Amino acid sequence: MNKQDFPLFSKYPSLIYLDNAATTQKPAVMINALEEFYTSKNANVHRGIYELSELASAEYEQARNIVAKFINASAQNIVFTSGTTMGLNLLAKYLIEPTLKAGDLLVISILEHHSNILPWQEIAQNKGANLKYIELKDNELDYESLGDLLKTNKVKVISLTMMSNVTGLKSDLMRVKDLIRQYSPNTLLIADAAQYIAHEKLDVTNSGADIIVFSAHKLYGPMGLGVIWIEPKLAKKMAPLFKGGGMISKVEKFTATWAQSPERFEAGTPPVAAASAFISSIEYINSIGLDTIKAKEAELANMLYQGIKELNNYRLLVSDYNSSKYGPVIAFTHNSIHSHDLAQLLSYENIAMRSGHHCAQPLHDYLGVLSSVRASIGMYNTIEDIERTLEVLKNIRI
Ligand code: PLP
């Protein structure tokens with residue numbers, strides 16, 4: 001997890017990149033694999049019986065196998081999409097909306113990224129359903145109030161982030177699953193693992209979720225590739241999301257039957273090159289180990305949090321950071337400098353941090369701030385990165 005493995009840092013040797021929650025930098029092995037695909041494996045999948053098409057198809061299915069193994073799933077339950085946003089929209093529109101009724105409840109949390117808010121807002125409005133937010137209690141999600149909602153027996157779906165992209169707070173999905181089992185067994189649990197996936201081992205067999213979505217680009221992979229994992233029994237009975245080439249069993253003039261999962265959910269030309277390159281990202285991560293990555297990132301996040309806490313003029317959005325409850329994301333504000341100006345000042349010092357609402361406006365409203373600056377740590381960040389960041393933050397004056 002050396003910066004030398006990531007070519008962008010050779011181009012910008014003094015860059016301190018702390019915007020990993022937005023997207024991660026790419027290891028050379030992934031970039032090379034992308035080039036390799038287009039120079040020596042490029043063909044469309046599943047449609048040709050000539051050698052190159054077979055090679056591309058095998059590569060694409062190998063990507064599915066590797067992703068499946070990474071989250072302890074089986075390959076037929078891995079569906080490739082273009083990203084988390086696409087996945088959540090598809091699920092809301094094509095899985096949930098068709099059977100949603102007036103008065104049903106859709107439950108999300110106050111931590112959510114707009115991608116896990118807007119699709120639910122829309123389908124709730126379309127069908128006269130109600131969107132409910134779980135808020136925070138004692139610095140975690142208020143699971144008790146979630147239990148109360150479930151007791152109404154009206155909750156169609158709960159869709160929760162596994163790790164906030166602003167505060168890093170993790171959700172206890174097994175606890176949510178227990179509540180579902182207890183009060184409302186038909187409620188579906190969708191997990192947005194966009195952030196979580198890069199920092200901790202995700203095992204679908206003990207995640208609690210029925211469906212999990214994430215994006216490759218936040219996991220040191222290419223942009224334009226996402227994953228939906230669908231629980232096997234659910235995948236069997238789920239209708240296709242899109243219609244088109246590659247997802248059918250037979251098409252007649254006025255009717256059609258569908259292929260099995262995962263082809264059923266992947267109409268059209270899939271992101272084959274990206275999937276092929278993603279194999280190398282995952283192999284790279286596996287060669288280091290997510291436990292090692294987690295431990296290193298936790299140490300850096302803690303160091304940054306404690307360091308900012310000691311500085312005058314800054315307010316941290318989280319009051320009791322600890323790495324068992326939070327991922328390596330530290331958001332803060334300055335008492336008299338707007339977040340955008342602060343990010344600009346950091347940028348002058350070659351420190352890349354995001355400012356604004358980070359696509360989580362309801363969370364910022366809830367926390368009583370308009371915007372924040374966010375440091376999100378990745379596997380290649382170093383102690384020197386954090387020391388330098390703290391030094392710059394300390395010396396910032398208006
Ligand atoms: N969910 C969370 C928690 C995120 O942090 C993000 C992106 O930052 C998304 C969803 C959307 O991901 P993408 O832009 O890759 O679709």
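Owing to the predicted nature of the structure, the values given are computational and were not obtained by experimental measurement.

### Remarks on the pairing of strand 7 (residues 155-161)
Burial runs high along strand 7: 6 of the 7 residues are buried. Note: strand 3 (residues 105-109) against strand 7, 3 bridges, orientation parallel. Of the residues in strand 7, the one forming a bridge with Leu106 is Val157. Two strands pair when backbone bridges link them, and strand 7 and strand 8 (residues 188-192) are joined in this way by 5 bridges, in the parallel orientation.

### A look at helix 7 (residues 173-183)
For helix 7, the set of buried residues is Leu173, Val176, Lys177, Leu179 and Ile180. All buried residues of helix 7 fall inside an arc of 160° around its axis, so they share one side. With respect to the buried face of helix 7, the exposed residues turned more than 90 degrees away are Arg181 and Gln182. Where helix 7 is buried, its residues contact helix 6 (143-151), strand 7 and strand 8.

### Overview of the sheet that holds strand 14 (residues 329-334)
Spatially, 4 strands are ordered 13-14-17-16 in an open sheet, and the strand pairing comes out antiparallel. Each end of this open sheet is capped by a strand with a single partner; those strands are strand 13 (314-316) and strand 16 (354-356). Direction aside, the axes of adjacent strands within the sheet are offset by 30° on average. Sheet topology note: the strand 14/strand 17 (residues 372-376) ladder contains 4 bridges and is antiparallel.

### Remarks on the packing of aromatic side chains
For the structure shown, the criterion picks out 12 aromatic pairs. Put simply, the rings of Phe6, Phe9, Tyr220, Tyr284 and Tyr380 pair up and form one aromatic cluster. In this arrangement the basic side chain of Lys3 is found over the ring face of Phe9, its NZ or CZ atom lying 5.4 Å from the centre. Sitting over the face of the ring of Phe70, Lys201 holds its NZ or CZ atom 5.5 Å from the ring centroid.

### A few points about the environment of Glu54
Tracing the backbone shows Glu54 in helix 3 (residues 51-70). Classification of Glu54 by relative accessible area gives partly exposed; the value is 45%. Along the backbone, Glu54 and Ser10 are 44 residues apart, and their C-alpha atoms lie at a distance of 36 Å. Filtering out sequence-adjacent residues up to four positions away, Glu54 remains in contact with Gly48 and Ile49.

### A short note on the sheet that holds strand 3
Judged by pairing direction, the sheet is mixed, and its 7 strands sit side by side in the order 2-10-9-8-7-3-4 without closing on themselves. For this open sheet the edge positions go to strand 2 (78-81) and strand 4 (130-134), each flanked by a neighbour on one side alone. For this sheet the average axis-to-axis angle between neighbouring strands, irrespective of direction, equals 20°. Sitting on the sheet, helix 3 is in contact with strand 2, strand 9 (211-215) and strand 10 (226-230), with an inclination near 115° to strand 2. Here helix 4 (residues 84-96) sits on the sheet and contacts strand 2, strand 3, strand 7, strand 8, strand 9 and strand 10; the angle it forms with strand 9, its principal contact strand, is near 150°.

### Considerations on the side chain of Arg374
Note on placement: Arg374 falls in strand 17. In this structure the side chain of Arg374 is engaged in a polar contact, spanning 2.9 Å, whose partner is the backbone oxygen of Asn165.

### A few points about empty space enclosed by the protein
In the structure shown here, the tally under the stated rule is 2 cavities of 30 Å³ or more. Put simply, the largest cavity is a space of about 60 Å³. As for the largest cavity, its lining consists of His199, Glu200, Lys294, Glu297, Ala298, Tyr321, Ser323, Tyr326, Gly327 and Pro328. When its residues are assigned to classes, the lining of the largest cavity shows 4 nonpolar, 3 polar and 3 charged. Taken as a whole, the second largest cavity holds about 30 Å³ of empty space. Lining the second largest cavity are Thr167, Tyr305, Leu316, Leu317, Val318, Tyr321, Val329, Ile330 and Ala331. The element that contributes the greatest number of residues to the lining of the second largest cavity is strand 14, accounting for 3 residues. Broken down by class, the residue content of the lining of the second largest cavity amounts to 8 nonpolar, 1 polar and no charged.

The rules behind these values
Residues numbered from 1 in each chain as written. Predicted model: local features only at pLDDT ≥ 70, side-chain atom pairs only at ≥ 80, totals over all residues. Heavy atoms only, no water. Buried < 20%, exposed > 50% of the residue type's maximum accessible area, 1.4 Å probe, protein only. Helix = DSSP H or I, 4+ residues; strand = E, 2+ residues; numbered from the N terminus. Pairing = 2+ DSSP bridges. Arc of directions from axis to C-beta. Contact = heavy atoms within 4.5 Å. Axes fitted to C-alpha atoms, helices over the stretch in contact; angles between N-to-C directions. Phe/Tyr/Trp six-rings, centres within 6.5 Å; stacked < 30°, edge-to-face > 60°. Lys NZ or Arg CZ within 6 Å of the ring centre and 35° of its normal. Polar contact = N/O pair within 3.5 Å; in protein donor to acceptor, adjacent residues only side chain to side chain. 1 Å grid on protein atoms, 1.4 Å probe; cavity = no way out; pocket = protein on both sides within 12 Å on 5 of 7 lines; lining within 4 Å. Points joined across faces, edges and corners; volume = space filled by probe spheres on them. Nonpolar A, V, L, I, M, F, W, Y, C, P; charged D, E, K, R; others polar.

Nothing here speaks to function; it is all geometry.
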